Amino acid sequence: MVRHGQAMKRSIHVVNLDPAAEYFDYPLIADIRDLIHLDDAMEDEALHFGPNGGLVFCMEYFAQNFEWLETELGDGDDDYILFDCPGQIELYTHLQVMRQFVEQLQHWNFHICGVFLMDSQFLVEGTKFFAGVMAALSTMVNLEISFVNVMTKIDLLSKKDKKNLDRFLDPDTSILLEEEPDQRRLGQRYQKLTTALAQLVDDYSLVRFMPLDRSDEDSIDEILLAIDTTLQYGEDADVRTRDIEAPEDRDDDEQAGGGGDDDE
């Protein structure tokens, strides 16, 4: 996304909020690892956290130190900032850390759009697709902000899965359930539960995924456009008219100059 913005001569800043991240091939304007690193929590003799517990501890520590982020961001106006967040789903569905972060950004007058990323290889089977949709829905309900849901790594799918992709981008839940062999092996109780969840998704149409192929610039542009539309990005910008000249003004200039051809 950053490289795509550079190609469009558009500045997209990135903040890393993943204390376990290892490498970035683009610049960061703020990095949570400068505040706390996952290794700090795991190697502390008094804490003895594992990877998951350590990450939760780091994010809760971050929530207690939002002023650090405010200082790092500075006073830039109209900045377009991408917050790269950890992938542990419990941070968004069970815990309040990310909700507190969203509320803090709103307090700082940020316009916010959440982007929920789900691996396409996880979504090309019926039951896994419904699990992914429910995870996205839980996140949307918990954070209470607008979302763009993205199916990533389309370029890594097999030719067979790519042909079936439309079934999951605009799904008919009843057909997906009928075609799922695991559904037929489930007991009646679980079949009813799965069917009820699928019906919920179908009735309210709250979750739809957009495909992202990182090798296709048009795919990236469509995702960025959806995010911009959600944010209402650029709607307050002034229209630039300095290079626009009214037709009648050009006619007057040509008459005053003799039409231009007689001067040569």
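Residues numbered from 1 in each chain as written. Predicted model: local features only at pLDDT ≥ 70, side-chain atom pairs only at ≥ 80, totals over all residues. Heavy atoms only, no water.

**Quick notes on the packing of helix H6 (residues 97-107) against helix H8 (residues 126-143)**
Cut-off, in case you're wondering: Here an angle of 0 to 180 degrees is reported between the N-to-C directions of two axes, which are lines fitted to C-alpha atoms, with helices fitted over the stretch in contact. We count a stretch as a helix when DSSP gives it H or I for four or more residues in a row; a strand needs E for two or more, and each element gets its number in order from the N terminus. An angle below 35 degrees is treated as roughly parallel, one above 145 as roughly antiparallel, one from 65 to 115 as roughly perpendicular, and anything else as oblique. Definitions for this section: a left-handed crossing has its near helix turned counterclockwise from the far helix by less than a right angle. A right-handed crossing has that turn clockwise. Any two residues whose heavy atoms approach within 4.5 Å are treated as being in contact. In this classification, the charged set is Asp, Glu, Lys and Arg, the nonpolar set is Ala, Val, Leu, Ile, Met, Phe, Trp, Tyr, Cys and Pro, and all remaining amino acids, among them Gly, are polar.
Two elements in contact, H6 and H8, have axes separated by 9 Å at closest approach and are oriented at 50 degrees. By the angle class used here, H6 and H8 are oblique. The hand of the H6/H8 crossing is right-handed. Packed against H6, whose contacting residues are Met98, Arg99 and Val102, the element H8 presents Val141, Asn142 and Leu143 at the interface. Along the lines of polarity and charge, the residues of the contact of H6 with H8 split into four nonpolar, one polar and one charged.

**Concerning the sheet that holds strand S1 (residues 13-16)**
Counted only if it meets this: Whether two strands pair depends on DSSP finding at least two bridges between them.
Taken in spatial order, the three strands line up as S2-S1-S3 in an open sheet, and their pairing is parallel. Two strands bound the open sheet, and with one partner strand each, they are strand S2 (30-31) and strand S3 (81-84).

**Some points on the packing of helix H3 (residues 51-63) against H6**
Two quantities define a packed helix pair, namely the angle between the axes and the distance from one axis to the other. Running from amino to carboxyl end, H3 crosses H6 at an angle of 25 degrees, the nearest separation of the two axes being 10 Å. Accordingly, the angle class assigned to the pair H3 and H6 is roughly parallel. For the pair H3 and H6, the sense of crossing is left-handed. Contact residues: H3 offers Met59, Glu60, Phe62 and Ala63, while H6 offers Val97, Met98, Gln100 and Phe101. Partitioned by chemical class, the residues of the contact of H3 with H6 number six nonpolar, one polar and one charged.

**A few points about the sheet that holds strand S6 (residues 209-211)**
If you trace the three strands from one edge of the open sheet to the other, you get S4-S5-S6, paired in parallel fashion. For this open sheet the edge positions go to strand S4 (114-119) and S6, each flanked by a neighbour on one side alone. Averaged over all pairs of adjacent strands, the angle between strand axes in this sheet comes to 35 degrees, irrespective of strand direction. As paired strands, strand S5 (residues 147-152) and S6 are joined by three bridges and run parallel to one another. Bridge pairing links Val150 to Met210 in S6. The strands touched by H8 are S4, S5 and S6; relative to S4, the strand with the most contacts, the crossing angle is about 160 degrees. Together, S4, S5 and S6 form the strand contacts of helix H14 (residues 217-231), whose direction differs from that of S6 by roughly 145 degrees.

**Quick notes on the side chain of Asp18**
As a reminder, the rule being used: Buried means the residue's accessible area, taken with a 1.4 Å probe over protein chains only, is under 20% of the maximum for its type, while exposed means over 50%, and partly exposed covers the values in between. Charge convention: Lys and Arg are scored as positive, Asp and Glu as negative, and His as well as the terminal groups of each chain are ignored. For this document, the term salt bridge refers to a Lys or Arg side-chain nitrogen within 4 Å of an Asp or Glu carboxyl oxygen. Counted as a polar contact is a pair of N or O atoms within 3.5 Å, where, for protein atoms, one must be capable of donating a hydrogen and the other of accepting one, and residues adjacent in sequence contribute only when both atoms are in side chains.
Among the secondary structure elements, Asp18 is positioned in the loop between S1 and S2. One buried charged residue, Asp18, forms no salt bridge at all, with the nearest opposite charge on Arg33 at 8.0 Å. Separated by 2.9 Å, the side chain of Asp18 and the backbone nitrogen of Ala20 make a polar contact. Look past the residues within four positions of Asp18 in its chain and what remains in contact with it is Ile32, Arg33, Leu55, Asp84 and Pro86.

**Observations concerning the pairing of S3**
Residue alternation in S3 divides its side chains into a buried set, Ile81 and Phe83, and an unburied set, Leu82 and Asp84. Across four bridges, the pairing between S1 and S3 is parallel. Within S3, the position partnered with Asn16 by the bridge is Asp84.

**Some points on the packing of aromatic side chains**
Here is the rule: We call Phe, Tyr and Trp rings a pair once their centres come within 6.5 Å, taking the six-membered ring for Trp, and we label the pair stacked below 30 degrees between planes, edge-to-face above 60, and tilted otherwise.
Under the defined criterion, the tally for this structure stands at 12 aromatic pairs. A centroid spacing of 5.4 Å and a plane angle of 35 degrees characterise the contact between Phe49 and Phe57, whose relative ring orientation is tilted. On the basis of relative accessible area, Phe57 is assigned to the partly exposed category, the value being 28%. Three or more aromatic residues link up through ring pairs in this structure, and these residues are Phe62, Phe66, Trp68, Phe83, Phe101 and Phe110.

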